[in-house]
Amino acid sequence: MTIQQLKYLVEISRCGSMNKAAKNLFVSQPSISKAIRELEDDLGIEIFHRDHTKKLKFTLEGTELLLHAKSIIGLTDNIEQLFASKNKQEYLR
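Owing to the predicted nature of the structure, the values given are computational and were not obtained by experimental measurement.

Glancing now at the overall build of the chain. A tally of regular secondary structure across the chain gives five helices and two strands. Each helix (α) and strand (β) of the chain, taken in turn from the N terminus, gives the series α-α-α-β-β-α-α. Its C-alpha atoms give the chain a radius of gyration of 16 Å, more than 25% over the compact-globule value 12 Å for 93 residues. With the C-alpha coordinates aligned to their principal axes, the bounding extent of the chain is approximately 60 × 25 × 20 Å. Among the 93 residues that make up the chain, the fraction classed as buried is 30%.

Listed below in structure tokens is the structure:
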């Protein structure tokens, strides 16, 4: 499991589709699909109900994973903002 996969998952949830998420993230839709399949394989779960409709529906496990993913992505965003806002000279002393 990677942070990138979790970012993809959160964006898919926000957009409601892999195509829209791919466009927002400037990656190809097959790349996102592959990342999600690999995440499912790593965790041994199905994240989405897959049927013949185009609408994505999270499974129970997928919903639980999404909650954790949002928390993790929030924390990583906080870390990035913290260190981006500090003057690099502070750390060279």
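The discussion continues.
Next up on the list: the confidence of the model for the chain. Do not read the fine detail of predicted coordinates wherever pLDDT is low. Mean pLDDT for the chain: 90, with 90% of residues reaching 70 or above. Confidence scores differ between elements of the chain, with helix α5 (residues 88–92) showing the lowest mean pLDDT of 60 and helix α1 (residues 3–15) the highest of 97.

Judged by nonpolar contacts, the single largest core of 20 residues is most densely connected at Leu9, Ile12, Ile32, Ile36, Ile47, Phe48 and Leu65. When contributions to this core are tallied by element, the ones reaching two or more residues are α1, α2 (18–25), α3 (29–43) and α4 (60–85). Take this core: its biggest share by element is six residues, from α1. With residues near it in sequence (within four places) discarded, Phe48 still touches Leu9, Ile12, Met18, Ile36, Glu40, Leu56, Lys57, Phe58 and Thr59.

Calculation rules
- Residues numbered from 1 in each chain as written.
- Predicted model: local features only at pLDDT ≥ 70, side-chain atom pairs only at ≥ 80, totals over all residues.
- Heavy atoms only, no water.
- Helix = DSSP H or I, 4+ residues; strand = E, 2+ residues; numbered from the N terminus.
- Rg over C-alpha atoms; globule rule 2.2 N^0.38 Å.
- Buried < 20%, exposed > 50% of the residue type's maximum accessible area, 1.4 Å probe, protein only.
- pLDDT = per-residue confidence, 0-100.
- Core = buried A, V, L, I, M, F, W, Y, C linked by side-chain atoms within 4.5 Å.
- Contact = heavy atoms within 4.5 Å.

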